[in-house]
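As a plain string of letters, each chain reads:
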Amino acid sequence: MPSFVNPEKCDGCKALDKTACQYICPNDLMVLNKDLMKAYNRAPEMCWECYNCVKICPTQAVECRGYADFVPMGASVTPMRSTDSIMWTVKFRSGQVKRFKFPIRTTPEGSAVPDGGFGDGSGDIKDFTLHTEPASLGLDAVVTKK
Amino acid sequence: MQNFENVEITTDLLIIGGGMSASGAAFEAAYWAKKNGLKVTVVDKAAMDRSGAVAMGLSAINQYVGIKDGDNTVEDYVKYVKQDLMGIARDDLVFSIARHVDSSVHLFEKWGLPIWKDENGGYVHEGRWQLMINGESYKVIVAEAAKNSMKNLGDDGQILERVFLVEPLMDGERIAGAVGFSVRENKFYVIKAKAVMSLMGGAVHVFRPRSTGEGLGRAWYPPWNSGSSTYFCAKAGAELTCQEVRFIPVRFKDGYGPVGAWFLLFKSRATNAFGGEYMVERKAELDKWKPYGVVKPIPANLRNWLGMMDINDGLGPIYMRTEEAIQNIANQYKDDEKEFKKKMKELEAEAWEDFLDMTISQAILWAASDVQPEEKSSEIAAAEPYFIGSHSGASGAWVSGPQDLAPAEYFWGYENMSTIKGLFCAGDASGASSHKFSSGSHAEGRIAAKAAIRFILDNNSQPNVDAGAVEKLKATILAPLKIFEENKGKTTDPDINPNYIRPKMFMFRLQKIMDEYAAGVTANFSTNKPCLDRALELLGWLKTDSANLAAEDLHELMRCWENIQRMWQAEVHVRTILFREETRWPGYYRRADFPEMKDDWKVFANAIWHPAKGEWEMVKRPVIELT
Ligand SMILES: Cc1cc2nc3c(=O)[nH]c(=O)nc-3n(C[C@H](O)[C@H](O)[C@H](O)COP(=O)(O)OP(=O)(O)OC[C@H]3O[C@@H](n4cnc5c(N)ncnc54)[C@H](O)[C@@H]3O)c2cc1C
Ligand code: SF4
Ligand code: SF4
């Protein structure tokens with residue numbers, strides 16, 4: 001279901017240097033109405049429901065509701081994303097609620113070390129190894145044709 | 001029209017795209033560029049943290065060979081891909097990706113991606129090649145590593161976001177850069193480079209989807225990749241391959257939730273509405289597609305085809321028998337209620353994570369329809385066609401293989417270089433090397449990036465760019481803004497104006513042509529020469545009318561060019577289906593006038609756009625087995 005914005009919770013990200021939902025949408029849909037200082041989805045029928053605007057909003061002002069042309073009403077799926085895990089609350093049409101929690105990363109945000117501790121590898125621009133290989137393959141050499 | 005400032009950038013390697021292959025390319029290129037004092041510029045139309053097909057996350061890594069554990073060999077993977085694509089695949093390219101993909105996966109884990117482990121620390125497999133992951137932040141982590149690697153270049157490393165690149169710049173037969181525009185400010189970008197990597201993903205919304213209201217956005221493939229790779233490479237004059245090999249996924253209907261976990265983890269069956277199992281009942285049909293139909297695993301397109309035959313015979317809907325699968329598991333634990341409850345809790349979390357990590361709409365649809373998988377089965381259906389050469393489709397550019405693997409016919413200097421000097425492709429942008437998926441696209445981006453740096457060191461002169469040509473391209477690219485401005489006042493409704501067409505209606509017009517005449521859903525995935533000729537006629541008028549596209553703002557200007565790119569992807573698709581006079585992938589499309597598979601067509605059907613003449617050339621290339 002396309003995303004929508006709750007005007008009571010949206011403050012237009014005025015405290016931030018950029019409008020978070022507008023920054024993140026892969027399809028350039030979330031836009032800030034500068035007069036009202038409220039965001040909105042400018043083309044709901046082109047929204048994939050990837051939830052990135054929902055997850056990034058600092059005030060939880062963005063939610064999704066099922067595509068009106070095939071999803072029955074009354075359900076909701078809501079994420080609470082922290083730095084190492086995400087908690088999902090799934091509310092069924094019947095009112096039943098299921099909760100799930102999944103890990104999302106094993107290292108602190110921003111800390112990915114490019115060579116992963118495998119070292120640079122051969123450093124030879126002409127051979128068929130890639131940066132960090134063969135150590136990152138767990139082999140002594142890159143495989144070639146027998 | 002507002003005047004657009006030109007932003008001129010001169011770099012050594014230009015990486016266009018910010019997805020899985022581009023993240024691999026940036027990670028790799030930054031290392032080799034630093035060693036050799038070169039500059040790297042990455043350009044993404046969106047925000048790299050969440051752009052491309054993995055923007056939402058994934059629940060499985062679909063390509064891991066496990067060479068170090070002795071599970072499988074690279075040759076096993078080459079055989080698997082050749083079999084699944086009905087004999088049409090570049091063994092050298094598949095081998096090249098499969099021998100490196102494990103290192104990308106091991107790096108993902110070090111960077112922070114949680115990969116499921118069993119009790120003795122081995123990866124948990126969903127199937128022979130697939131690993132289960134907690135993949136909500138998969139793309140965030142892979143983009144982070146690419147950005148951190150690029151930081152090592154200091155000022156020589158630059159990542160531009162929200163810039164949409166449209167056309168290649170050429171210096172004779174060699175690529176010289178690219179031009180495009182910002183979707184945030186009135187800026188026209190002219191980027192000059194010694195080598196260019198086209199890593200802009202595949203294409204969606206070329207065909208009319210099943211849901212056309214608000215649900216238009218819920219295609220299986222994300223709506224933001226529009227065939228930019230195919231368009232960019234075609235306009236540069238690069239040879240394209242397998243443009244007829246579209247991909248039709250069979251997924252949970254409307255929500256498009258993945259079915260992998262239910263088939264592989266739950267061991268669920270798919271049956272028609274009367275309980276018949278088409279994979280068993282229609283076994284005889286598979287003999288018609290020898291040798292591929294009689295060798296396990298049965299090719300994805302043939303599995304599709306048997307299900308489609310049931311639908312054609314009125315035996316639909318087709319169901320994923322979730323309730324039966326769960327009952328079978330219950331029977332295994334019938335004397336251990338506690339253990340069964342524990343197992344069921346585990347499996348339920350896995351089933352829901354499969355949706356929540358990568359297709360949240362399916363979770364919403366199940367919740368909104370009060371689905372209890374243990375009580376009732378759920379419908380699965382074939383989607384409309386997509387162009388995704390990194391998955392079970394094969395479309396992309398015709399690129400060179402590595403020197404140690406490629407026969408002479410497949411080698412021209414630098415692995416993953418297209419037939420245009422200095423233009424490199426990977427991921428959905430490189431063809432005939434299917435089943436690379438997210439991990440293989442990352443690895444192929446790395447392979448192509450190292451080769452591109454080697455190409456720059458061997459050809460270290462800045463190609464020249466003709467300023468006049470740039471101004472002409474600028475005028476053409478920005479024209480829709482001018483057309484809207486000049487004509488919008490001539491009617492009282494900006495959408496209804498005889499002087500222009502807006503991109504949304506242009507897209508619907510394209511989708512209708514393809515759906516009805518080029519084997520879309522409405523045509524039951526079947527076509528023939530008269531229909532294909534009609535499609536070309538209608539596409540011809542559409543191409544002429546594309547000069548009248550109008551755009552009110554930068555967002556709509558991007559939509560204009562996205563849909564021109566979709567139109568080019570559509571045209572080369574139709575021409576290649578027309579050229580191949582046989583049916584080889586019945587579950588992807590069928591030629592009613594050439595219903596059988598023919599040995600003399602066990603070749604690549606390639607297409608070349610000749611910019612100077614303004615014509616397409618179709619050419620056959622041999623399929624050479626990797627011995
Ligand atoms: C629905 C779906 C499910 C999938 N499931 C799995 C799975 O479970 N496991 C798995 O391993 N793989 C899976 N895949 C495959 C995987 O997502 C792809 O193989 C991979 O993303 C391809 O990488 P790519 O770099 O070619 O394209 P993408 O990752 O899509 O990246 C394309 C990039 O190009 C940028 N771009 C596009 N046009 C332009 C332009 N004109 N100018 C500038 N930038 C541009 C985009 O912003 C994006 O950054 C799935 C794919 C889809 C669509
Ligand atoms: S991110 Fe949230 S608070 Fe900020 S503009 Fe968007 S909806 Fe409003
Ligand atoms: S759900 Fe995704 S596609 Fe839709 S508006 Fe939000 S970020 Fe954009």
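Placed above this text is the structure.
Calculation rules
Residues numbered from 1 in each chain as written. Chains lettered and ligands numbered in written order. Predicted model: local features only at pLDDT ≥ 70, side-chain atom pairs only at ≥ 80, totals over all residues. Heavy atoms only, no water. Near = heavy atom within 4 Å. Helix = DSSP H or I, 4+ residues; strand = E, 2+ residues; numbered from the N terminus. Nonpolar A, V, L, I, M, F, W, Y, C, P; charged D, E, K, R; others polar. Pairing = 2+ DSSP bridges. Contact = heavy atoms within 4.5 Å. Axes fitted to C-alpha atoms, helices over the stretch in contact; angles between N-to-C directions. Parallel < 35°, antiparallel > 145°, perpendicular 65-115°, else oblique. Left-handed = near helix turned anticlockwise from the far one by under 90°. Phe/Tyr/Trp six-rings, centres within 6.5 Å; stacked < 30°, edge-to-face > 60°. Buried < 20%, exposed > 50% of the residue type's maximum accessible area, 1.4 Å probe, protein only. Lys NZ or Arg CZ within 6 Å of the ring centre and 35° of its normal. Expected span 1.5 Å × (residues − 1). Polar contact = N/O pair within 3.5 Å; in protein donor to acceptor, adjacent residues only side chain to side chain.

Enquirer: Mind laying out the site of ligand 1, listing which residues take part and the relevant values?
Expert: Residues and elements named next belong to chain B. The immediate surroundings of ligand 1 are formed by 37 residues, with Ser 21, Asp 44, Ser 51, Ser 390 and Ser 438 found nearest. Elements that contribute at least two residues to the shell around ligand 1 include exactly helix 1 (20-36), strand 3 (40-44), strand 4 (58-61), strand 7 (163-171) and helix 14 (437-458). Its residues placed into classes, the shell around ligand 1 shows 19 nonpolar, 15 polar and three charged.

Enquirer: So, unusual backbone geometry: which residues are in play, and what are the values?
Expert: The omega angle of the peptide bond from Glu 133 of chain A to Pro 134 of chain A is 5°, so this bond is cis rather than trans. Considering the arrangement of structural elements, one finds Pro 134 of chain A in the segment after strand 7 (97-103). The residue after Lys 296 of chain B, namely Pro 297 of chain B, is reached through a cis peptide bond having omega -10°. Here Pro 297 of chain B is to be found in the loop between helix 9 (283-287) and helix 10 (300-312). Although it is not a glycine, His 205 of chain B sits at a positive phi angle of roughly 65°. Within the secondary structure, His 205 of chain B is located in the loop between strand 10 (195-198) and helix 6 (228-235).

Enquirer: A description of the sheet that holds strand 16 (residues 396-397) of chain B should follow, citing residues and the corresponding values.
Expert: Residue and element names in this part refer to chain B. Read from one edge to the other, the open sheet built from four strands follows the order 16-11-20-21, with strand pairing classed as antiparallel. Strands with a single pairing partner mark the edges of an open sheet, and in this sheet they are strand 16 and strand 21 (615-622). Taken together, the eight bridges between strand 20 (residues 603-610) and strand 21 define a ladder with antiparallel strand orientation. Residue pairing in the sheet places Asn 606 in a bridge with Val 619 of strand 21. Most of the contacts of helix 18 (residues 554-579) go to strand 21, to which it runs at about 50°, and overall it touches strand 11 (240-241), strand 20 and strand 21.

Enquirer: Help me get a handle on the packing of helix 16 (residues 503-517) of chain B against helix 18 of chain B, residues and values and all.
Expert: Residue and element names in this part refer to chain B. Axis separation between helix 16 and helix 18 bottoms out at 9 Å; the angle between their running directions is 15°. Between helix 16 and helix 18, the angle falls in the class roughly parallel. Remark: the crossing between helix 16 and helix 18 carries left-handed chirality. Residues Pro 503, Phe 506, Met 507, Leu 510 and Met 514 of helix 16 touch helix 18, and the partners they reach there are Glu 556, Arg 559, Cys 560, Asn 563, Ile 564, Arg 566, Met 567, Ala 570, His 573 and Val 574.

Enquirer: Residue-level account of the packing of aromatic side chains, with values.
Expert: Inspection of every chain in the model, using the stated rule, returns 38 aromatic pairs over all chains. On the basis of an interplanar angle of 40° and a centroid distance of 6.5 Å, the ring pair of Tyr 333 of chain B and Phe 340 of chain B is categorised as tilted. Since its relative accessible area comes to 19%, Tyr 333 of chain B is described here as buried. On the basis of relative accessible area, Phe 340 of chain B is assigned to the buried category, the value being 17%. What links up through ring pairs into an aromatic cluster is the set Phe 92, Phe 100 and Phe 102 of chain A together with Phe 252, Trp 262, Phe 266, Trp 352, Phe 355 and Trp 366 of chain B. Sitting over the face of the ring of Tyr 23 of chain A, Lys 18 of chain A holds its NZ or CZ atom 4.6 Å from the ring centroid. Over the aromatic face of Trp 568 of chain B sits the side chain of Lys 543 of chain B, whose NZ or CZ is 4.1 Å from the ring centroid.

Enquirer: Any details on the pairing of strand 5 (residues 76-81) of chain A? Residues and values, ideally.
Expert: Residue and element names in this part refer to chain A. Bridge count between strand 5 and strand 6 (residues 85-91): six bridges; the pairing is antiparallel. From the neighbouring strand, Met 80 faces strand 6, where its bridge partner is Met 87. As consecutive antiparallel partners, strand 5 and strand 6 are separated by three residues.

Enquirer: Explain helix 17 (residues 529-545) of chain B to me, and be specific about the residues and the numbers.
Expert: Look at helix 17 of chain B: 24 Å from first C-alpha to last across 17 residues, which is about the 24 Å you get at 1.5 Å a residue. The opening residue of helix 17 of chain B, the one whose side-chain oxygen lies 2.9 Å from the backbone nitrogen of Cys 531 of chain B, is Asn 528 of chain B.

Enquirer: Would you mind going over the site of ligand 3 in detail, with residue names and values included?
Expert: Around ligand 3, a shell composed of Ser 3, Cys 25, Pro 26, Met 30, Asn 41, Cys 47, Trp 48, Glu 49, Cys 50, Tyr 51 and Cys 53 of chain A together with Trp 224 of chain B is seen. More than one chain approaches ligand 3, the contributing ones being chains A and B. Grouping the amino acids of the shell around ligand 3 by side-chain chemistry returns nine nonpolar, two polar and one charged.

Read these as layout, nothing more, since geometry by itself doesn't imply function.
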